[in-house]
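Descriptive structure summary
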Amino acid sequence: MDTFLDFEECIRDSPAFRQSLDKCESDVAELESRVEKVMKLCSQMVNAGQNYTSCNQLFLSGLAEFTAYHKNDSVIVNCLRQFSQGLQEMIQFQTMLFDQTQRAITQQLTNLLSQFVPQIRDTRREFVRIGDDLDAAVVKNAQVSRHKPVDAERATHLLLATRKCYQHFALDYCLQLNNFKVQQKLDILNSVFSYFHAQYTFFHQGFDLLRDLEPTMKTMASQLSQLSTDCAAKRKDLENTHLLVQQRDASGEAVIVCNPSDEGTIQGYLFKRSRKKNKTWKRCWFFTENNQLIYSKSHKEQPVVLFDDLRLCAVKSLDVIDRRFCFELLSVQKCCVLQADSEELKLAWINAVQGCIDMAYHDQVMDQNTQVKESSAPVLVPDPPFHPPALGVALRGNGNQRCCDCGEAEPRWASVNLGITMCIECSGIHRSLGVHLSKVRSLTLDSWEPEQLKLLCVLGNEVINGIYERNPADGLQKPSSGSPRQDKEQWIRFKYVEKRFVTRDPDGPGAETSKLRAGEKLYQASLNGDLVAMATALAEGAEVNWSNPEREGRTALIGSAVGVCLLLKRGANQYAADEKGNDPLSIAIETAHADIVTLLRMARMNEEMRDSEGFFGSVGKIRYYYYLLFI
């Protein structure tokens with residue numbers, strides 16, 4: 001048990017009190033030095049921990065770079081990401097530990113020293129000074145002569161006052177020393193306890209974190225085992241492949257990659273003759289992709305498209321120049337001479353390019369006649385490319401979520417040439433109008449071309465109603481989904497057949513002048529690719545085959561692809577020739593509009609296929625139309 005300074009002994013100022021006071025003062029000095037040492041070591045520990053945390057953070061940054069490097073490997077990415085997250089949380093726990101250690105040790109012990117030690121030193125200084133004064137007063141009182149009563153009385157009073165002041169400071173000094181001895185135990189133990197509580201929290205958080213990561217670690221362990229097996233198998237496979245290639249007969253022939261299953265794509269090196277300098281040839285890497293011929297001069301440069309659309313090209317062997325193994329690609333806009341390394345490679349390239357051209361037309365015919373294909377005998381043909389469901393695309397148009405004529409929700413039918421969606425009851429009424437007014441197809445059962453879906457999205461119910469219902473008749477109300485069929489039929493006939501609700505100028509020009517203006521409006525809108533203006537012009541009475549006398553008698557079938565699609569669905573004559581005898585297909589070929597060329601050729605082939613014995617019997621005519629371009 002600790003011993004404290006006795007206040008009674010302090011009053012007596014006995015040698016025992018002086019001995020206890022010296023011991024107490026030495027204990028305070030020793031405790032102060034040791035506390036300062038602990039705080040210094042704690043600061044060093046915290047600084048070292050913060051340096052460790054910084055290095056650990058840099059290590060995590062390195063792991064993040066690992067993750068970015070292996071971004072295509074899901075196993076490695078998931079593993080590194082999980083461990084990085086766990087380590088990041090551990091770093092946060094460590095930061096919290098160092099912060100709590102700083103507060104627990106340094107701050108609390110600093111508060112202990114700053115609260116008591118300065119006050120104890122000041123009081124001790126006054127205690128020593130008053131003690132010296134007391135010693136001087138005692139000596140002076142002892143030296144006064146008895147024959148000098150006045151001096152004796154003065155010395156006695158001084159001694160009494162000095163002793164009283166000394167006792168007061170001595171008691172205060174003892175009280176402060178005793179309080180310090182009591183408080184230092186509490187503060188030191190509380191500081192150490194706080195530190196260990198911070199350690200306990202840190203390890204408990206780490207335990208909880210690792211326990212949560214245990215399932216992930218088990219999964220990663222199984223993935224690591226599988227990865228090890230796959231790695232060993234892959235290394236063996238690479239060694240076998242290396243051995244096969246090494247043992248294979250090295251003929252020295254150039255290697256090309258030709259994949260008939262992937263739309264006849266071909267890849268390999270060819271010499272390309274410069275169009276400006278006929279004697280300059282450069283070896284480049286060529287490949288076909290998406291009906292385009294593309295080449296790259298170097299792996300450091302971006303590929304360059306040589307021909308945008310192979311459907312507008314012809315390929316033939318070139319035997320009239322001095323260099324061997326050459327062939328030529330021709331289009332309306334340019335030609336290009338290429339050279340292979342051997343006769344076999346030249347023929348392979350010619351056949352592959354011709355196959356790409358034929359495959360492009362073949363796939364479009366297959367897409368357009370899906371229903372005929374399903375009802376015909378099985379034929380080994382490439383599968384058509386995947387397209388998103390027509391219903392989901394059509395319902396994106398403004399107002400297409402409800403029937404255009406009665407407002408019923410979730411329409412499942414559409415009119416191709418009007419660009420609207422409708423319910424099943426209104427679709428039956430539209431069918432009775434005739435395909436020249438409304439051609440109805442199912443959004444869930446029939447196949448749809450991209451241009452047809454674009455009509456539904458660009459036009460749609462909101463735009464068409466804004467045209468055909470712009471000026472509703474007095475006393476006639478638009479039917480709802482619950483209205484009788486007779487009301488719906490009357491409204492639809494008034495709307496699309498008689499066009500009663502289309503805005504017209506009552507004081508405007510005559511019928512012929514109105515048709516002329518509507519035709520001019522249709523022609524200009526087709527050139528601009530403005531579907532809304534085209535639909536408005538057709539509603540106002542424009543003739544779909546109107547020819548523009550100011551443009552050599554050409555029709556509107558020369559604008560944008562989606563505009564041509566709209567006119568074809570409205571019954572436009574694709575054979576209508578201008579004053580020079582050129583039909584829309586010839587004009588599209590001359591102006592290099594590949595999309596319009598494709599649409600018009602598909603329309604012609606559809607007409608011929610409807611007159612032929614079957615769909616697959618006429619597929620062979622594709623090449624005839626292709627060569628027709630260059631005859």
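What comes next concerns the included structure. Every chain begins its residue count from 1, and numbering advances along the sequence as written. Residues qualify for local features only when their pLDDT is at least 70, as the model is predicted, and side-chain atom pairs are given and counted only at 80 or more; totals for whole chains, interfaces and linings, by contrast, use all residues. With hydrogens and water excluded, all non-hydrogen atoms of the structure serve as input to the side-chain values.

**So, the overall build of the protein**
By the criteria applied, helices consist of DSSP H or I runs no shorter than four residues and strands consist of E runs no shorter than two, each listed in order from the N terminus. Counting its regular elements, the protein contains 17 helices and 11 strands. Evaluated residue by residue, the protein yields a buried proportion of 39% over its 631 residues. By definition in these notes, contact holds between two residues if any of their heavy atoms fall within 4.5 Å. Counting contacts in the protein only where the partners sit at least 6 residues apart, residues at least 24 apart contribute 61% of the total. For the protein, the exposed surface amounts to about 36,900 Å²; the carbon and sulfur share of it is 53%. Each residue's exposure class comes from its accessible area (1.4 Å probe, protein chains only) as a fraction of the maximum for that residue type: buried when under 20%, exposed when over 50%, partly exposed otherwise. What sets the accessible areas is the Shrake-Rupley method with a 1.4 Å probe; for residues, cover comes only from the shown protein chains.

**With respect to the nonpolar core**
Put simply, a nonpolar core is a bunch of buried Ala, Val, Leu, Ile, Met, Phe, Trp, Tyr and Cys residues held in one set by side-chain atoms that sit within 4.5 Å of each other. Membership of the largest hydrophobic core comes to 51 residues, with the highest contact counts inside it found for Tyr468, Tyr496, Leu522 and Leu567. Domains are outlined according to an automatic or database domain assignment. Two domains each donate at least three residues to this core, and these are domain 3 (389–497) and domain 4 (511–614). With near-sequence residues (within four places) excluded, Tyr468 lies in contact with Leu418, Lys495, Tyr496, Lys499, Phe501, Val502, Ala539 and Arg570.

**Regarding empty space enclosed by the protein**
Of the grid points, spaced at 1 Å and generated over the protein atoms alone, those admitting a 1.4 Å probe that cannot get out make up cavities, while open sets with protein on both sides within 12 Å along at least five of seven lines make up pockets; any residue with an atom within 4 Å of a point is treated as lining. Grid points are joined across faces, edges and corners, and a volume is the space filled by probe spheres set on the points. Under the counting rule described, the total for this entry stands at two cavities of 30 Å³ or more. One number sums up the size of the largest cavity: a volume of about 40 Å³. Surrounding the largest cavity, Gly553, Arg554, Thr555, Ile558, Ala576, Ala577, Asp578, Asn582, Asp583, Pro584 and Ile587 form its lining. Split into classes, the residues belonging to the lining of the largest cavity amount to five nonpolar, three polar and three charged. In this structure, the second largest cavity encloses a volume near 30 Å³. In terms of lining residues, the second largest cavity is bounded by Phe93, Met96, Leu97, Gln100, Ala198, Thr201, Phe202 and Gln205. Any residue that is not Ala, Val, Leu, Ile, Met, Phe, Trp, Tyr, Cys, Pro, Asp, Glu, Lys or Arg is counted as polar, Gly included; the first ten are nonpolar and the last four charged.

**Some remarks on the packing of aromatic side chains**
Only Phe, Tyr and Trp rings take part, Trp by its six-membered ring, and two of them pair if their centres are within 6.5 Å. Stacked means planes under 30 degrees apart, edge-to-face means over 60, and tilted covers everything else. Applying the stated criterion to the full structure yields nine aromatic pairs. Centre to centre, the rings of Phe127 and Tyr166 are 5.2 Å apart; their planes meet at 25°, and the pair counts as stacked. Taken together, the residues Phe127 in helix H3 (residues 74–143) and Tyr166 in helix H4 (residues 149–247) connect sequence positions 39 residues apart. Phe127 sits in the buried class, given a relative accessible area of 4%. Aromatic pair Phe202 and Phe203: ring centres 5.1 Å apart, planes at 70°, arrangement edge-to-face.

**Some remarks on the pairing of strand E4 (residues 292–296)**
Buried residues dominate E4, accounting for four of its five residues. DSSP calls a pair of strands paired once it identifies at least 2 bridges connecting them. Pairing of strand E3 (residues 281–289) with E4, which is carried by five bridges, proceeds in the antiparallel orientation. Within E4, the position partnered with Phe287 by the bridge is Ile294. Relative to strand E5 (residues 304–307), E4 runs antiparallel, the two being bridged by three bridges. In the sheet register, Tyr295 faces E5, and the bridge partner there is Val304.

**Some remarks on the environment of Asn111**
For Asn111, the location among the structural elements is in helix H3. C-alpha separation for the pair Asn111 and Asp187, spaced 76 residues apart in sequence, amounts to 8.9 Å.

**Quick word on the packing of helix H2 (residues 15–69) against H3**
Whenever a helix is involved, its axis is fitted only over the stretch in contact; in every case the axis is a line through C-alpha atoms, and angles between N-to-C directions fall within 0 to 180 degrees. Orientation of H2 relative to H3, taken along the N-to-C sense of each, is 160°, at an axis distance of 8 Å. Relative to H3, the element H2 is oriented roughly antiparallel. Crossing handedness for the pair H2 and H3: left-handed. Here the residues of the contact of H2 with H3 are counted per class, giving 22 nonpolar, 15 polar and seven charged. Reported orientations rely on four angle classes, namely roughly parallel under 35 degrees, roughly antiparallel over 145, roughly perpendicular from 65 to 115, and oblique for the rest. Should the near helix be turned anticlockwise from the far one by less than a right angle, the crossing is left-handed, and should it be turned clockwise, the crossing is right-handed.

**Overview of the side chain of Gln339**
Locating Gln339 in the fold gives a position in strand E8 (residues 335–339). In this structure the side chain of Gln339 is engaged in a polar contact, spanning 2.8 Å, whose partner is the side chain of Arg323. Other than its neighbours up to four places away in sequence, Gln339 contacts Leu270, Phe271, Trp281, Arg323, Arg324, Phe325 and Cys326. The definition of a polar contact used here is a pair of N or O atoms within 3.5 Å, where within protein one atom must be able to donate a hydrogen and the other to accept one, and adjacent residues in sequence count solely through side-chain atom pairs.

**A short note on unusual backbone geometry**
Positive phi outside glycine occurs at Asp13, with the angle close to 55°. A residue is classified by how much of its surface remains accessible, and Asp13, at 25% relative accessible area, is partly exposed. For Lys499, which is not glycine, the phi torsion reads 50° and is therefore positive. With respect to the helices and strands, the residue Lys499 is situated in the loop between helix H11 (485–497) and helix H12 (511–528).

**Side note on the sheet that holds strand E10 (residues 420–422)**
The strand order E10-E9-E11 describes an open sheet built from three strands, whose pairing is antiparallel. If you trace the sheet from one side to the other, it starts and ends with E10 and strand E11 (440–442), each paired once. Taken over all neighbouring pairs, the strand axes of this sheet differ in orientation by 35° on average, direction set aside. Here strand E9 (residues 413–415) pairs with E10 via three bridges, running antiparallel.

**Details of the pattern of salt bridges**
Note on definitions: salt bridges are taken to be side-chain nitrogens of Lys or Arg within 4 Å of carboxyl oxygens of Asp or Glu. Under the criterion given, the structure shown has 27 salt bridges. Across the salt bridge formed by Arg129 and Glu126, the nearest N and O atoms sit 2.6 Å from each other. Within this pair, Arg129 and its partner Glu126 are both found in helix H3, separated by three residues, close to a single helical turn. The exposure class of Glu126 is partly exposed, given its relative accessible area of 28%. Because the salt bridges share partners, they merge into one network encompassing Asp405, Glu469, Lys478 and Lys495.

**Quick look at the side chain of Gln452**
Residue position: Gln452 is located in helix H9 (residues 450–458). The exposure class of Gln452 is buried, given its relative accessible area of 2%. A polar contact of 3.2 Å, which involves the side chain of Gln452, links it to the side chain of Arg441. In this structure, Gln452 is in contact with Val416, Arg441, Ser447, Cys565 and Lys569, ignoring residues within four places of it in sequence.

**Some points on helix H10 (residues 460–468)**
Burial analysis of H10 places seven of its nine residues in the buried class, the great majority of the element. Within H10 the residues assigned to the buried category are Gly460, Asn461, Val463, Ile464, Asn465, Ile467 and Tyr468. Where H10 is buried, its residues touch E10, H9, H11 and helix H13 (531–539).

**A closer look at the packing of H2 against H4**
Packing of H2 against H4 brings their axes to within 11 Å, and their N-to-C directions diverge by 30°. In terms of crossing hand, the pair formed by H2 and H4 is left-handed. Across the interface between the two elements, Phe17, Arg18, Leu21, Cys24, Glu25, Val28, Leu31 and Met45 of H2 pack against Tyr166, Tyr173, Cys174, Leu177, Phe180, Lys181, Gln184, Ile188 and Tyr195 of H4. Its residues placed into classes, the contact of H2 with H4 shows 13 nonpolar, one polar and three charged.

**With respect to the state of the cysteines**
Cysteine sulfur pairs qualify as disulfides if the two atoms are within 2.5 Å. Summed over all chains, the structure comprises zero disulfides. Sulfur of Cys174: no disulfide; nearest cysteine sulfur belongs to Cys10 and is 3.5 Å away. Judged by relative accessible area, Cys174 falls into the buried class, the value being 0%. Distance from the sulfur of Cys403, which forms no disulfide, to the nearest cysteine sulfur (Cys406) is 3.6 Å.

Nothing here speaks to function; it is geometry throughout.
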